[in-house]
Amino acid sequence: MNAVAPTPASTGRRVSAVSGIVTIAKRELAAYFDAPIAYVFIVIFLLLAGFFTFTFGQFFERGEASLVSFFSWHPWLYLFLVPAVGMRLWAEERRLGTMELLMTMPIAPWQAIIGKYLASWIFIGIALLLTFPLIITVNWLGHPDNGVIIAGYIGSLFMAGAYLAIASMTSALSRNQVVSFVLAVMACLILVMVGFDPVTTLLARWLSPAAVEAIASFSVMTHFDGVTKGVLDFKDVVYFASVIGFGLFTTGVIIRSQRA
Amino acid sequence: MIATKNLTKRYGEKLAVDDLTFTVSPGEVLGFLGANGAGKSTTMRMITGYLPPSSGSVKVDGFDIVEQPIPAKAKIGYLPEAAPSYSDMTVLSFLKFSAQLRGLSGGEIKQAIRRVVDLTFLDSVLGQDIETLSKGYKHRTCLAQSLIHDPEILILDEPTDGLDPNQKHEVRQLIKRMGETKTIIFSTHILEEVEAVCSRAIIIDRGNIVANGTPAELKATAEAAGSVIMSLRPPQGMDAQSLAQQVAARPGVLRSEILVEDGARLVLLARPDKSRAQAGFSGSLAEWAVTQHLGLEDIRVEEGRLDDVFRALTVTDAASQQAKQQAATEAAAEGAQA
């Protein structure tokens, strides 16, 4: 073996918070695209999005140039697809044992949490962007309000982010990706259902309207409703941002408790 | 420099690491010995900041690992027990990733990778996915990661595990060479490794330090250490038993044993009484054998063996099981008598 030569790279170097996050995110994103499953995911996402839009969404029958029929299915579409993207985030780290490497690197755990989260969010963002032929289609067929469409995309991305933060949290709970997937689907399902019309009507039989409204205000449905119509309310953005904040914070708490 | 103070780790009721206090300075290679489950890995995980201690503290070059984890972690290179790595990455991209997290940039990264790849002989597999590598290569990939920022402090949990004998030798040489300037702690249960590499060894058993010293000092504590072994060709008609008794009667000798008795040749072992000073113990025995015309052919002092020390100080699962069974049968016998 060669002599241990001194290097200019002296020890004790610190990484800035941003470059730590970027390094983690880049690795994670590369890991997504290294696996064939990523392309399978994108294809399934696009097929399902199209299927919902044109069949249940009655894209043509509506006779209007808008993407309401596209966006209104997103809470259901994301229910399975987003947990599938997020399930590996921490479960894989624990299965491989690389958690021990990551947590002994000179970066704060929150940098790793945000870096990994951003990577999976960007991945979903890419999948979402690939639905652009729909925009071209409606613009070719009629004269839609493109501002509404852009608001819809932004809102949809926020909702995916909220689901993903929950998937990040459940992913930290188990080293088994399937378990973390199921937990995430259940958690997201509750968030959808408490604001889903059939459920709220049912609840209204027993609870006061104020109570039903309070419960429904925790639902992604309630906050996504405006988005599909092109209204990106500040309240709704705050809601999605709080779910993201909660999910990531809890991820940190779980990871911390597992090391104790 | 690493300093632990009253370092303790509790898992519920179970005490995994119990009140460890020790320091390791630059230029020292500390061997961490212990049976499986003795608390070696837990201690290393606390030093590297992966596990928070239940009580006590770890200082890494003056930085407390809990209070100031980032500067402390920046000084450490760590090879965890199972040598984990991202199996979907290539060796090159994994090392690049590690270098970036360590704050290296651009040209430094290339240089650092070149350096560690040479040190750990990874050249031929640089472009391969880690999951396709053999265990030895995976292990060295993780070792390379721990060296990427040329750290002042290295914590290596079983660095030679899973390597072939040549690779083991190379890694030992590497540790020894780096130990001249760096602070190194490595764990192992290969005792010859400790003798070959360490300047100091700590034996821990059930979370406690049971021995702490240079390998030579530890060996000296072996029961057999300091014993004198004499090969004799005594004149015809001399009885081996009576000779052994004569040896046992010499001043400073605790007891003697006949090791070999074949025809004219007789090998005797004289165990010194360690409670008294033993300067010139072997010399006086040699002198005596010569004046008695016992045909002294060879005389040597037993160094003691690290395995004996290790076995005497640590309790194996089998031994504790045996003790339990014995206690149970004794209790049963007492019960029968009563």
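As a reminder, the structure under discussion sits directly above these lines.
Residues numbered from 1 in each chain as written. Chains lettered and ligands numbered in written order. Predicted model: local features only at pLDDT ≥ 70, side-chain atom pairs only at ≥ 80, totals over all residues.

**What to know about the overall build of chain B**
Next, step 1: Looking only at helices and strands, chain B features twelve helices and 14 strands.
Next, step 2: Computed over the C-alpha atoms, the radius of gyration of chain B is 26 Å, more than 25% above the 20 Å expected from 2.2 N^0.38 for a compact globule of 338 residues.
Next, step 3: Along the longest, intermediate and shortest principal axes, the C-alpha atoms of chain B span 85 × 55 × 40 Å.
Next, step 4: Within chain B, buried positions represent 41% of all 338 residues.
Next, step 5: For chain B, contacts bridging at least 24 residues in sequence account for 67% of all contacts bridging at least 6. (Helix = DSSP H or I, 4+ residues; strand = E, 2+ residues; numbered from the N terminus. Rg over C-alpha atoms; globule rule 2.2 N^0.38 Å. Buried ≥ 20, exposed ≤ 12 C-beta atoms within 10 Å, placed from the backbone. Contact = placed C-beta atoms within 7 Å.)

**Focus: helix α11 (residues 306-313) of chain B**
Every α-helix carries 3.6 residues per turn, so stepping three or four residues along brings you back to the same face.
All names here are of chain B.
Next, step 1: Listed in full, the buried residues belonging to α11 are L306, V309 and F310. Along the axis of α11, the buried residues cluster in a sector spanning 100°; they form a single face.
Next, step 2: The secondary structure elements touched by the buried residues of α11 are β3 (29-33), α7 (191-197), β9 (200-205), β10 (208-213) and α8 (215-220). (Arc of directions from axis to C-beta.)

**A short note on the interface of chain B and chain A**
In many analyses, interface size is given as the accessible surface area lost on bringing the parts together.
Next, step 1: Residue-level contacts link 39 residues of chain B with 31 residues of chain A.
Next, step 2: Within the residue set of the side of chain B that touches chain A, elements represented by two or more residues are α2 (69-74), α3 (91-101), α4 (106-120) and α6 (165-178) of chain B.
Next, step 3: By residue number, the principal contributor to the side of chain B that touches chain A is α4(B), which donates six residues.
Next, step 4: Tallied by class, the residues present in the side of chain B that touches chain A amount to 19 nonpolar, nine polar and eleven charged. (Nonpolar A, V, L, I, M, F, W, Y, C, P; charged D, E, K, R; others polar.)

**Brief notes about the packing of helix α13 (residues 220-228) of chain A against helix α14 (residues 234-259) of chain A**
Residue and element names in this part refer to chain A.
Next, step 1: Remark: α13 packs on α14, axes separated minimally by 9 Å, with the N-to-C direction vectors making an angle of 135°. Regarding the angle of α13 to α14, the classification is oblique. For the element pair α13 and α14, the recorded crossing hand is left-handed. Between α13 and α14, the residues in contact are H223, G226 and V227 and D236, Y239 and F240, respectively.
Next, step 2: Looking at side-chain class alone, the contact of α13 with α14 contains three nonpolar, two polar and one charged residues. (Axes fitted to C-alpha atoms, helices over the stretch in contact; angles between N-to-C directions. Parallel < 35°, antiparallel > 145°, perpendicular 65-115°, else oblique. Left-handed = near helix turned anticlockwise from the far one by under 90°.)

**Examining the sheet that holds strand β11 (residues 228-232) of chain B**
Residues and elements named next belong to chain B.
Next, step 1: Strand order in this open sheet of four strands is β12-β13-β11-β14, and the pairing throughout is antiparallel. In this open sheet, the two edge strands, each paired with only one partner strand, are β12 (253-262) and β14 (296-301). Strand-to-strand, the axes of this sheet are offset by a mean angle of 15°, without reference to chain direction.
Next, step 2: As paired strands, β11 and strand β13 (residues 265-272) are joined by five bridges and run antiparallel to one another. Each residue of the ladder has a partner; that of M230, found in β13, is L268.
Next, step 3: The sheet contacts of helix α9 (residues 240-249) involve β12 and β13, and relative to β12 the element is tilted by about 155°. (Pairing = 2+ DSSP bridges.)

**Thoughts on unusual backbone geometry**
Residues and elements named next belong to chain B.
Next, step 1: Despite not being glycine, D61 shows a phi value in the positive range, around 50°.
Next, step 2: When you line up the elements, D61 lands in the loop between β4 (55-60) and β5 (63-64).
Next, step 3: Judged by C-beta crowding, with 18 C-beta atoms within 10 Å, D61 ranks as partly exposed.
Next, step 4: Of note in the backbone geometry, R206 takes a positive phi value of approximately 45° without being a glycine.
Next, step 5: The topology assignment puts R206 in the loop between β9 and β10.
Next, step 6: For R206, a count of 17 C-beta atoms within 10 Å puts it in the partly exposed group.

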